[in-house]
Amino acid sequence: MQRCQRWGPLASVSWVLLRTCRAHSGLPSTACSSPERQQEDGVWKDFSSRLATGPTFQHFLRNASVPQEKPSSEVDDPPPYLTVDELSGRQRKVYLETYGCQMNVNDTEIAWSILQKSGYLRTSNLQEADVILLVTCSIREKAEQTIWNRLQQLKVLKSKRLRSRVPLKIGILGCMAERLKEEILNREKMVDILAGPDAYRDLPRLLAVAKSGQQAANVLLSLDETYADVMPVQMSPSATSAFVSIMRGCDNMCSYCIVPFTRGRERSRPVASILEEVRKLSEQGLKEVTLLGQNVNSFRDTSEVQFNNAVSTNLSRGFSSNYKTKQGGLRFAHLLDQVSRIDPEMRIRFTSPHPKDFPDEVLQLIHERDNICKQIHLPAQSGSSRVLEAMRRGYSREAYVELVHHIRESIPGVSLSSDFIAGFCGETEEDHFQTVSLLQEVQYNMGFLFAYSMRQKTRAYHRLKDDIPEEVKLRRLEELITVFREEATKANKAFVGCTQLVLVEGLSKRSATDLCGRNDGNLKVIFPDAEMEDVTNSGLRVRAQPGDYVLVKITSASSQTLKGHVLCRTTLKDSSTYC
Ligand code: SAM
Ligand code: SF4
């Protein structure tokens, strides 16, 4: 069985940095007032001389071999220049802040799981933090600008830190660390550590190095890191749903997208470890899991040799991929089947899929299984075949529309959502109009719309011209948003008069007398908090609690929300969504 390697395979080394930067660390060179800091200063001299002798080649070879699984309390072997004690968090408090997509939410849970095991404590109070870690996103320029701005605020916090306290350490994790690497350390000298998306296991070492006043970074991309053995720690213990990462990276290389460069090659987590995590979540009483990945339905677990025969991947009709067809492995339909059998009361969702990977067996399974939500995210990006070709999406408008029809025939009542980019390189008014007309033709229930943001390294950056003026991009984006809202309102109004099965999440943010939950199609449903019958326990009157399934009669709809009144508490198995 193929296992993830602790340091990533040496063949995929892109960049690793560990540098001495005491002058920039904010640490004075003389002893300071706190005893802890005095001790640290002494330790630093010793540490520096040990570091100078450095890890040996043998050390890296040893760590690149297949690791043995360890009991959760055991601390990993320290590198030769650190002691187990230096590697430990010694109850230092970590504040984690997440930006970007759901993958980053899950990555934050993974990073925290690793740090917790290493003896760190978690805090939600920025002021009391000893370590601040930002889990970052690079997908658009604006996402990165938000982080640069945040670093300015943290710089003030760091400079005001009382000298009697342990120095504050700041780290950049995730896609921005991977994309900008050294540039971040050079531009913001107050950043102490960088960890790319495949380097979270290395966080205790990076923080131990940073503690001694040096900047430390690991932005190695791995060919097989899936964090399969790391059980993410749920941020909100009262939550009804959780994300479960099933694959990482992307091989599609859409011409506009930075993800293949920041998250590396596509790799899937072994089915057995996913099932184990879902089982645990079910035992904890969670009622919904969302299987996560950049290309969730390209899932292909090759860890079990007996399934690696020459069966090639089935693509959706009329679709092609930018890479050579992959052979063998356990595919998404198999995983979805297995996951949905664990707990019939647990809803299963998945995101983000690519339209090319919807073979009939996946659609049939979604149709047949009560607990797999009838909701498909089908990112189109554009309605113009000419633009789709420039984006290297592997389909035409016609093939996409045919897939929409096929999905709607296969899964009656399915909810559809999509992503669109306005103002991609060379997009004409006619191309834009094609996107408007696709929004009208499909009538999505939900949509995520963005203005194109040129990213260095991508194919579009090298080969195409970012020639649509900013104001035109924004005007087109506004037009797309307006049309999307009109069409979504029409699509969602079809629910008025219907009864929907809603998984209750808690109080509505806008009113303390209303509850909020989601229907099978993932639309938000708001309804008054009222007493109701419990159909599984005849005669009992109850009020809905988070994690309950209730039937709600829908009375009104907007582009984003449904409203109604609650009928009864039920179970997923006993209910059916009927109109
Ligand atoms: N893998 C999914 C797919 O195939 O569509 C999407 C994942 S991507 C992280 C999320 C969305 O960000 C994309 O669907 C796209 O609409 C948007 N996006 C990606 N790169 C972008 C860019 N350079 N400018 C604007 N939006 C972008
Ligand atoms: Fe980016 Fe395309 Fe991969 Fe989605 S499929 S993550 S848009 S490269």
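Our structure's up above, just so we're on the same page.
Note that the structure is a prediction, hence the values are computed from the model and not measured.

Peer 1: If you had to explain the overall build of the protein chain to someone new, which residues and values would you point to?
Peer 2: What the protein chain contains, in helices and strands, is 17 helices and 24 strands. Taking all 579 residues of the protein chain together, the buried fraction comes to 58%. Sequence-distant contacts in the protein chain: of pairs separated by 6 or more residues, those separated by 24 or more amount to 75%.

Peer 1: Go over the pattern of salt bridges with me, naming the residues and quoting the values.
Peer 2: A full pass over the atoms with the stated rule returns 37 salt bridges. With a closest N to O distance of 2.7 Å, Lys158 and Asp192 form a salt bridge. On the criterion of sequence distance, the pair formed by Lys158 in helix H5 (residues 141–159) and Asp192 in the loop between helix H7 (182–187) and strand S6 (193–195) is long-range, its members being 34 residues apart. Where Asp198 meets Arg267, a salt bridge forms, and the shortest distance between an N and an O atom there is 3.0 Å.

Peer 1: With reference to specific residues and values, describe the side chain of Arg397.
Peer 2: Along the polypeptide, Arg397 turns up in helix H14 (residues 397–410). We classify Arg397 as buried; its relative accessible area is 11%. In this structure the side chain of Arg397 is engaged in a polar contact, spanning 3.1 Å, whose partner is the backbone oxygen of Gly383. Residues contacting Arg397, with those up to four places away along its chain left out, are Gly383, Ser385, Leu388, Gln434, Ser437, Leu438 and Glu441.

Peer 1: Outline the pairing of strand S7 (residues 215–218), listing residues and values.
Peer 2: Judged by which residues are buried, S7 turns out to be covered on both faces: Gln215 and Ala217 on one side and Ala216 and Asn218 on the other are all buried. Of the strand pairs in this sheet, S6 and S7 are connected by 3 bridges, and their pairing is parallel. Within S7, the position partnered with Ala195 by the bridge is Asn218. A crossover links S6 with its parallel partner S7, the connecting element being helix H8 (residues 203–211), and its sense is left-handed.

Peer 1: Report on the nonpolar core, specifying residues and quantitative values.
Peer 2: Of all hydrophobic cores here, the largest spans 70 residues; its most connected members are Ile246, Leu291, Phe332, Leu336, Ile376 and Tyr444. Considering each element in turn, this core owes the most residues, 6 residues, to H14. Counting residues in hydrophobic clusters, the runner-up holds 28 residues, among them Leu173, Ile193, Tyr200 and Val209.

Peer 1: Any chance you could break down the packing of aromatic side chains for me, citing the residues and the numbers?
Peer 2: Counting across every chain of the model gives 8 aromatic pairs. Aromatic pair Phe350 and Phe358: ring centres 6.4 Å apart, planes at 45°, arrangement tilted. For the pair shown, Phe350 and Phe358 are each scored as buried. Considering the side-chain rings of Phe420 and Tyr444, the 5.7 Å spacing of their centres and the 70° angle between planes classify their relative orientation as edge-to-face.

Peer 1: Could you give an account of the side chain of His377, with specific residues and numbers?
Peer 2: Looking at the element boundaries, His377 is found in strand S15 (residues 375–377). Looking at His377, its side chain comes within polar contact range of the side chain of Asp419, at 3.0 Å. In this structure, His377 is in contact with Thr351, Ser352, Pro353, Phe358, Ser417, Ser418, Asp419 and Phe448, ignoring residues within four places of it in sequence.

Peer 1: An account of the sheet that holds strand S8 (residues 241–245) is needed here, citing residue identities and associated values.
Peer 2: Pairing between the strands of a sheet comes from backbone hydrogen bonds, and it takes one of two forms, parallel or antiparallel. On the basis of which strands lie adjacent, the open sheet formed by 3 strands has the order S8-S11-S14 and parallel pairing. Edge positions in the sheet fall to S8 and strand S14 (347–351), since each has one partner strand and no second. Here the average twist between neighbouring strands, direction ignored, is 25°. One ladder, built from 5 bridges, connects S8 with strand S11 (residues 288–292); its direction is parallel. The residue of S11 that forms the bridge with Ser241 is Glu288. Along the sheet face, helix H4 (residues 102–117) touches S8, S11 and S14 and points at about 90° away from the line of S8. Contacts between helix H11 (residues 332–342) and the sheet are confined to S11 and S14, with S14 contributing the most and set at about 150° to the helix.

What counts, and where the lines are drawn
- Residues numbered from 1 in each chain as written.
- Chains lettered and ligands numbered in written order.
- Predicted model: local features only at pLDDT ≥ 70, side-chain atom pairs only at ≥ 80, totals over all residues.
- Heavy atoms only, no water.
- Helix = DSSP H or I, 4+ residues; strand = E, 2+ residues; numbered from the N terminus.
- Buried < 20%, exposed > 50% of the residue type's maximum accessible area, 1.4 Å probe, protein only.
- Contact = heavy atoms within 4.5 Å.
- Salt bridge = Lys/Arg side-chain N within 4 Å of Asp/Glu carboxyl O.
- Polar contact = N/O pair within 3.5 Å; in protein donor to acceptor, adjacent residues only side chain to side chain.
- Pairing = 2+ DSSP bridges.
- Right-handed = clockwise from strand over helix to strand, strands pointing away.
- Core = buried A, V, L, I, M, F, W, Y, C linked by side-chain atoms within 4.5 Å.
- Phe/Tyr/Trp six-rings, centres within 6.5 Å; stacked < 30°, edge-to-face > 60°.
- Axes fitted to C-alpha atoms, helices over the stretch in contact; angles between N-to-C directions.

Keep in mind that these numbers describe shape and distance, not what the molecule does.
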